[in-house]
Protein chains: 2
Amino acid sequence: MATMRAFSLTEAIALLTRTPATLDALLRGLPNTWTRSNEGRTHDGKDTWSPFDIVGHLIVGERTDWMPRARIILEHGEARPFDPFDRFAQVKESQGKSLGQLLDEFASLRRENLAALHALNLQPEDLIRRGKHPELGVVTLSELLATWAVHDLTHLHQISRVTAHQYRDAVGPWSSYLGVLKCAGHSDP
Amino acid sequence: MATMRAFSLTEAIALLTRTPATLDALLRGLPNTWTRSNEGRTHDGKDTWSPFDIVGHLIVGERTDWMPRARIILEHGEARPFDPFDRFAQVKESQGKSLGQLLDEFASLRRENLAALHALNLQPEDLIRRGKHPELGVVTLSELLATWAVHDLTHLHQISRVTAHQYRDAVGPWSSYLGVLKCAGHSDP
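Calculation criteria
Residues numbered from 1 in each chain as written. Chains lettered and ligands numbered in written order. Predicted model: local features only at pLDDT ≥ 70, side-chain atom pairs only at ≥ 80, totals over all residues. Heavy atoms only, no water. Core = buried A, V, L, I, M, F, W, Y, C linked by side-chain atoms within 4.5 Å. Buried < 20%, exposed > 50% of the residue type's maximum accessible area, 1.4 Å probe, protein only. Contact = heavy atoms within 4.5 Å. Buried area = accessible area lost by both parts, 1.4 Å probe. Salt bridge = Lys/Arg side-chain N within 4 Å of Asp/Glu carboxyl O. Polar contact = N/O pair within 3.5 Å; in protein donor to acceptor, adjacent residues only side chain to side chain. Helix = DSSP H or I, 4+ residues; strand = E, 2+ residues; numbered from the N terminus. Nonpolar A, V, L, I, M, F, W, Y, C, P; charged D, E, K, R; others polar. Least-squares fit on C-alpha atoms with pLDDT ≥ 70 in both. Pairing = 2+ DSSP bridges. Expected span 1.5 Å × (residues − 1).

(A) The arrangement of the nonpolar core in detail. The biggest cluster of nonpolar side chains holds 103 residues, and the ones touching the most others in it are A:Y167 and B:Y167. Residues in contact with B:Y167, not counting those within four places in the same chain, are A:R5, A:A6, A:F7, A:S8, A:E11, A:A12, A:A146, A:V150 and B:W34.

(B) Just the interface of chain B and chain A, in detail. Listed per partner, the contact involves 70 residues of chain B and 70 residues of chain A. Regarding the contact of chain B and chain A, the summed buried area is about 6100 Å², with carbon and sulfur atoms giving 67% of it. Summed over the shared surface of chain B and chain A, the result is 0 salt bridges. Taken together, the connections running from chain B to chain A amount to 23 residue pairs in polar contact (both at pLDDT 80 or more). Sorting the residues of the side of chain B that touches chain A by element identifies α1 (9-27), α2 (32-35), β2 (137-140) and α8 (141-165) of chain B as the ones contributing at least two each. Looking at which element gives the most residues to the side of chain B that touches chain A, the answer is α8(B), with 16 residues. For the side of chain B that touches chain A, the per-class residue count stands at 34 nonpolar, 24 polar and 12 charged.

(C) Geometry of the relation of the copies chain B and chain A. The two copies are related by a screw operation: chain B maps onto chain A through 180° of rotation and 0.0 Å of translation along the axis, at an RMSD of 0.0 Å. Considering both components of the superposition, the chain copies are consistent with a two-fold axis. When you check the interface residues of chain B against chain A, 100% turn up at the interface there too, and the contact is symmetric in its surfaces.

(D) Broad picture of the pattern of salt bridges. Counted by the stated rule, this structure contains 26 salt bridges over all chains. A:K97 is paired through a salt bridge with A:E105; the nearest N and O atoms lie 3.3 Å apart. When the shortest N-O distance is used, the salt bridge between B:D152 and B:R110 registers 2.7 Å. With a gap of 42 residues between them, B:D152 in helix α8 and B:R110 in helix α6 (residues 99-119) connect regions that are remote in the sequence. The burial state of B:D152 is the same as that of B:R110; both residues are buried. Taken together, the shared-partner salt bridges connect A:D24, A:R28 and A:D104 into one network.

(E) Representation of the pairing of strand β2 (residues 137-140) of chain A within the structure. Residues and elements named next belong to chain A. Bridging between strand β1 (residues 130-133) and β2 involves 4 bridges; their strand directions are antiparallel. Note that in β2 the partner of H133 across the bridge is G137. If you look at the hairpin formed by β1 and β2, you'll find 3 residues sitting between the two strands.

(F) Summary view of helix α3 (residues 51-64) of chain B. All names here are of chain B. Between the first and last C-alpha of α3 there are 20 Å, a value that for 14 residues agrees with the 20 Å anticipated at 1.5 Å per step. Counting buried positions along α3 gives 11 out of 14 residues, so the element sits mostly inside the fold. Three or more residues of α3 are buried, namely P51, F52, I54, V55, G56, H57, L58, I59, V60, G61 and E62. Buried residues in α3 make contact with α1, α2, α4 (66-76), α5 (89-93), α6 and α8.

Read these as spatial facts, not as claims about activity.
Here it is in structure tokens:
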């Protein structure tokens, strides 16, 4: 089956619930070689992100993006555009923390946010309510919640790519078979 | 730091050890919408893989690829080429099993294989020993072991992409920001 799916709140929550434990299983206690290395600099000289940076970015999303934007839609509709999201806030906010602390913080914030989402007791008619994205224009609450889940997956995709990149040379001729090594990433950074 | 790394047995084992728990945290109990859906058919009409198919493929690798090939290198060097790997064996072998059973089987085989790897007590001079891949030609033991770890990552990368694909429409205009939705995959299938 390849049919793309309509949004389901239950199914999106099933994914959102699992991300903290997935990242914990993958990253906690893993040597810094994997967790603190990135893919080098972009063509305009910016550092790309390490798994450590990515977990910091997910924390910022929990604090400032997903549930705050859901509340803006429910309270103000299109009348109040979302606040722009700072994609670099984690550089400052993660400073001096260990990856273990970040994983704990992410798990705790995600738990709180999913409890808050549950408390909203959203009905089908709420999911089609509209809000205004500062760049993308009109969006719906269901699109926001679907994006929250796919945003987790985009960063799991990135973490696997960044980690694999470190062994680009070590795999020798097998690099031609390993799809992840052909992935140059698809978004900034 | 973006320097690519030389192979380290300890660091590769740190990754290999974590994959079963990572996939378990992500996939166990997740609705079939996510675990049994794929990305449609390839241009030549073959089904692409669902997360269920991918876990089956990882099991086949544990049984027939990584440690058997390591033993061939140690026992026969380049004199005996590896047996070709059947990339479709899981279609038959996973039949009638639940995803929970596959996750258990993968975890158990990986544990046994890492115990067997440990028992080999590999020394630096073993890691440069050479074997013969039926298509790629001469490879080393360290390249095989690095590939084992990166192969896990290539399939984690694929699982995140296949899962995200199901919500390609549901995210609405955000699709332009979500890198994982721009990834068309990089290997067959």
